Every structure is written in structure tokens, then in C-alpha cells.
Amino acid sequence: MGLTSRVTSPSHRSPLTRIDNIAEAITLLELNNWDLVAAINGVIPQENGILQSNFSSEASQARGAVPPPSSSSSSSSPPSSSASAFCPLNSSSRHIVERQPRMLNFRVEYRQRTVELVLEEGSTVGEIKQILETELGVPVSKMQLKGWKSGDVSDSVTISSFLLFWQYFLDFLKTFKCQNHVKRNVSDLTNIPVRHQQWEGWPASASDDSMTLALSGISYPCHHLSVCRRSSPANAQEPTEECADVHMISDSEGDDYEDASEFGVDDTEMFGMGSSSCRKSPMMPENSENEADALLHFTAEFSSRYGETHPMFFIGSLEAASQEAFYGKARDRKLLAIYLHNDDSVLSNVFCSQMMCADSIVSYLSQNFITWAWDVTKEANKARLLTMCTRHFGSVVAQTIRTYKTDQFPLLLIVMGKRTSNEVLNVIQGNTTVDELMMRLMGAMEIFTAQQQEDIKDEDEREAREMVKREQDEAYRLSLEADRKKREAQEREEAEQVRLEQMRKEQEEEKEAIRLSLEQALPPEPNEESGEQISKLRIRTPSGEFLERRFLGSCKLQVLFDFVASKGYPFDEFKLLTTFPRRNITQLEPGSTLLEAKLFPQETLFLEAKE
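The rules behind these values
- Residues numbered from 1 in each chain as written.
- Predicted model: local features only at pLDDT ≥ 70, side-chain atom pairs only at ≥ 80, totals over all residues.
- Heavy atoms only, no water.
- Helix = DSSP H or I, 4+ residues; strand = E, 2+ residues; numbered from the N terminus.
- Buried < 20%, exposed > 50% of the residue type's maximum accessible area, 1.4 Å probe, protein only.
- Lys, Arg positive; Asp, Glu negative; His and termini not counted.
- Salt bridge = Lys/Arg side-chain N within 4 Å of Asp/Glu carboxyl O.
- Polar contact = N/O pair within 3.5 Å; in protein donor to acceptor, adjacent residues only side chain to side chain.
- Contact = heavy atoms within 4.5 Å.
- Pairing = 2+ DSSP bridges.
- Axes fitted to C-alpha atoms, helices over the stretch in contact; angles between N-to-C directions.

**Focus on the side chain of Arg549**
Then comes step 1: Structurally, Arg549 is set in strand S12 (residues 546-552).
Then comes step 2: Comment: no salt bridge for buried Arg549; closest opposite-charge side chain is Glu525, at 4.7 Å.
Then comes step 3: Of the polar contacts made by the side chain of Arg549, one reaches the backbone oxygen of Pro523; its length is 2.6 Å.
Then comes step 4: For Arg549, the residues in contact, after removing those within four places along its chain, are Pro523, Pro524, Glu525, Ser535, Lys536, Leu537 and Phe563.

Spelled out as C-alpha cells, the structure:
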């Protein structure tokens, strides 16, 4: 069960004196013989008087800082040489003035739950446990709170004994202390004598160790330094491992004090002392054959070091990340953020933990950027990155990355895809703050949004032109298709007419041939003077013409039918009828004679088409 806390400062000035003029503050210290507590009590409003000086002027100048005394310590006890110059009040203090209690915020994490507590500074650890027993259902007897800087503490210990000392000390350190005080304090914490300390990260203007921190040019609310033991000539060949990162944090911005007042760190961590980078496992394996595997390892190591809340790193090659960011629809394009990590830089831990893992930065990057990462700690990986950048962005970008020194890393490159080439909008170095980082990301986003709107407009116009062209092409295709179908239909019709005409001709030729054959097969017409029984038949055609011929009475009806067919009226298409009584001769037996059909000596018949 982890526990962290934060003190809410009521002002952006010094939370005790409200004095932000350094010269005035130093004058007050001189008037009080450099007794810090006496100086504070002399200017603090009576309703807020909270401190009691219990030390001589020599003790008030004791260098270094050590953890605050337990709440059970008496204020009248003689201090040791390393004791703090001031401490929280207890019931025996001489100048106690009634004041409003300070409220402290605690965050307790238990399994998958987080409980936020707000308690007075006079509350005890036991009271915290009783509240947690109600909230979490864990008995007090089985409860162990982890994260106290001094290990397990008694339930009777008050919270103020842990926190208030460090707030006052850091405020004092920021306003009045000089570089030499910092170096001596670090000497107490690391056992590295001042004369053997080798520092990196001090501003160029901080050339005098007696210069106050406020005038030294350090960054607020936090400044990152690194210190190592300087090797002597006797052991110059032996690599030193006694190195530390110093992360100085100011509470001048109110809530920025939260990081320095967490209970989850030990005494050295109160000053930002961290482990050396040489003890970390590599963020990315050297000479990895597959870029995707290298990025998977990077993401896993990043999560292991700094937690699961971080930007979603693109798993794949730089080329694939560029394709994902730049070459989709204009509305879907994003900026490409290339994070370059270097474990040898003193800024890496702070940048990753406070910038890259900040909720606002993570959310903004996830929504608007494709984030790709690479580790340049190893020279082989750095050379590989430069090759990739040269191939995708040109030699200028690679040369720009090459000019940055190790202590300027990590870098965050913001790249925007353009029509002809990719452009690096911004290179953000590691020595920045969350607000500055957000402002620069938003600035790049504004440029990208303006370009994206132009691209969307151009893309819409191009798609509109292409749509008109497609519609015109489709209309032209349909017109050609209609013409083709019309032409084919006309050709089919003409072919059909030709075929029908050919069939008609063939049928006519066939009928003519049949007619001629029938005409030639007819028996000769008998003379009237032949003395035989002759039947004279008169046949009316559908056109009104009459066919006349003489037949022997003994002729078969078939001869009559053949005569009619030879004149163009086939037996299967026409029927032969008598006038009165009306009879259909074609229904009679063709083998019957004219006499038998009673068509003698003469008869008028007419032809009628069959239905």
C-alpha cells in the first residue's frame, strides 16, 4: 500500500514570509545573526507565527540538511552538529500563536484502488489507518503503509513532523542559499567531498560558488544537475561509478512542490538523487536486425522505468511511421513526433518521467501525433538513425541531429509531411517544462492544421474534378454503348430482313417450281367435240378473276386441285367451295371423280383462303 502527499502552498512567493526581494531577506538574516527561524518569526504575520528558534547562531549556520526529527523529539534537546536549523513546533514552544491548521492531501494506492485523503497537519498516522480501514475494509492490525522516508512509523506520529521541515528548508534553499551550500549539502548526502565533486548542468552564468541560486540562472520550478566523484591521477584508469543525478525542485509555482514532498522517496531522493544511468538496462538493444522488435523492447523498457502512462509508440520502421502519418487522406493525416532517447544525458529521466508521462502530453500526442521513438545511447543505433533520417528527410535533418550534444538530449522532433518533401517544424530539447512542451506542440499543431486545411481543400477540389471527369467519362461510355447497341440492333434487323427476304424468295421459287411441275403434270384440256362427258368448270379467285377449264367427267378431284394449285392457289392454303348449295370440295376424297362430286356438266366454284 503506497502513500504520497502534497502540501498546498497559499502563495507563489515564499510560503512563510511573502518576501521575494533577496537583498531585503539577506538584511533580515544579518540583523538576526543569521538565525533563520528568528528572522522568519520577526517578519511573519502574528496569526501565522509557527516557528521557534532553539539553536545558537552557530547552529543556525550548520551546513547540510538531514531528515527532520521525529515528532517525539523535544524542542529543548541539544542539537547535533548535523541538525537542521529549524524544526516544527511542539507544545513546549515559546512563541506559539494560534493559527488555522494546514490541510494536507494524501493519495493512497491499494491494489487497483486509489483513495484521496485530505487531513490536517496535526493528524496522526493512526488516524490515516482508521480512515483507510473504513474506505478499503482492511483491518488496522493488518495494514502497513509504505512510502515513509524513514521506514515504518508509529501510529502516534503526526504528519507535520515529516513534511513541514522540508517545505521550509527548500524554500530557504531556493531563496538564500548559494551554490556552495548546495555542494556541501550534496557532500553530506553522497559522502563526496566538495573538492572532489565534478558537476554538470550549472548555467554558464553560475561561475561563482557564492552566487545565490536565485541569481545563478537555474531553471524554475526545477533544474537538473549531475555530480560525480572526480578521479585522481592515481586511479585515473579506473572508471568511477559514484555518480548521481541531482534534480532541484522549487515550490515557487505552488503545485510544482508536489514532486519534492512525496513520501515515496528517501532522504537523497528529496534532492532528486537518482541512480546512475550505467546501472540501467539498455532502452534498446544494439544492432537489432528488426526495427519493430527494437521498438517493442524500447516500449517495454520505457514502461518498466516510467510506468504505463506514456505516449503510444508506433511499432514499426520510420518509413512505416511516415506512411501512417503523411500519406493517407488529408483529413486523416497527423504530425510525426520522433522521440530520441539518450541514457547518457542527465535530462533523460526528468524529461521522460515529468514530460513524456504527463497526462496532458500523453493525451495530446495520442490524439494529434504518430509517435515514433529511438534510442541513440549506443553509437551503432545512432548511426542507424542518421541513415534512416537521411533516407526519409534528407541530409539536413541528419546533420541537425548530429550537432546536438549528449547533455542536450532527449530530443523530440516534430515532422510535418508536405507535397514534395517532409519538413521538421520543431526540435524540442530535454531542458524544458511541461507547459513549454505543450505550447510548442500546440504551435506545431497550429502550423499543421493550417497546412492540413489547404490540403483538404485541394484534395476536395481534386476529387470534385475527378468526379466530374468520371461522370463525363461514364456518360460518354454510356453514349457509345447506346450507339453500339442501336447499331447492332439495326444490323440484326437488316440481317433478319435479308434472311426473311431470302426465305420468301426461296419459298416463292419452291412454289413456282411446284406450280410448274403441277402445270406440266396436268392432263390436256379435252375438246368439246370429243364426244366424251366433259365438265366445264368456272372458278372465281379471291382477287375476283375467273379461271375456266374443261375436264373429263371421269377426272379425279385431284386433277382439279392440281389445276388450281398450278395457278398459284395451293391445296393446303385455299379451299374450293360450290355456290349453292355451299359445299367444301376440298373436304371430299381427292380420288373421287367430278361426276361423283356432282360437278357435271358445269359448275361455278370460288376459292377462299383457309383460316
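Read on for the rest.
**A closer look at the sheet that holds strand S8 (residues 369-375)**
Then comes step 1: Taken in spatial order, the four strands of this open sheet run S8-S7-S9-S10, and their pairing is mixed. Edge positions in the open sheet fall to S8 and strand S10 (422-428), since each of these has one partner strand only. Strand-to-strand twist of the sheet, defined as the mean angle between neighbouring strand axes without regard to direction, takes the value 25 degrees.
Then comes step 2: With six bridges connecting them, strand S9 (residues 411-417) and S10 associate as antiparallel partners. Paired with Leu413 across the two strands is Val427, which belongs to S10.

**A short note on the pattern of salt bridges**
Then comes step 1: Per the stated rule, a full pass over the model turns up 22 salt bridges.
Then comes step 2: Measuring nitrogen to oxygen at the nearest pair gives 3.0 Å for the salt bridge that ties Lys129 to Asp155. In this pair, Lys129 is assigned in helix H4 (residues 125-136) and Asp155 in the loop between H4 and helix H5 (160-175), connecting sequence segments 26 residues apart.
Then comes step 3: Taking relative accessible area as the criterion, Asp155 reaches 32% and is therefore assigned partly exposed.
Then comes step 4: Glu548 is the partner of Arg538 in a salt bridge, and the nearest nitrogen-oxygen pair spans 2.9 Å. Residue Arg538 is located in strand S11 (residues 534-540), and its partner Glu548 is located in strand S12; the two are separated by ten residues in the primary sequence.
Then comes step 5: When its relative accessible area of 35% is taken as the criterion, Arg538 is described as partly exposed.

**Some remarks on unusual backbone geometry**
Then comes step 1: In this structure, the amide linkage connecting Phe409 to the following residue, Pro410, adopts the cis form with an omega of 0 degrees.
Then comes step 2: On the secondary structure map, Pro410 appears in the loop between helix H12 (395-403) and S9.
Then comes step 3: The omega angle of the peptide bond from Phe580 to Pro581 is -10 degrees, so this bond is cis rather than trans.
Then comes step 4: Residues other than glycine seldom take positive phi values, yet Lys598 does so here, at roughly 60 degrees.
Then comes step 5: Mapped onto the secondary structure, Lys598 falls in the loop between strand S13 (574-578) and strand S14 (602-609).
Then comes step 6: Its relative accessible area of 64% is what places Lys598 among the exposed residues.

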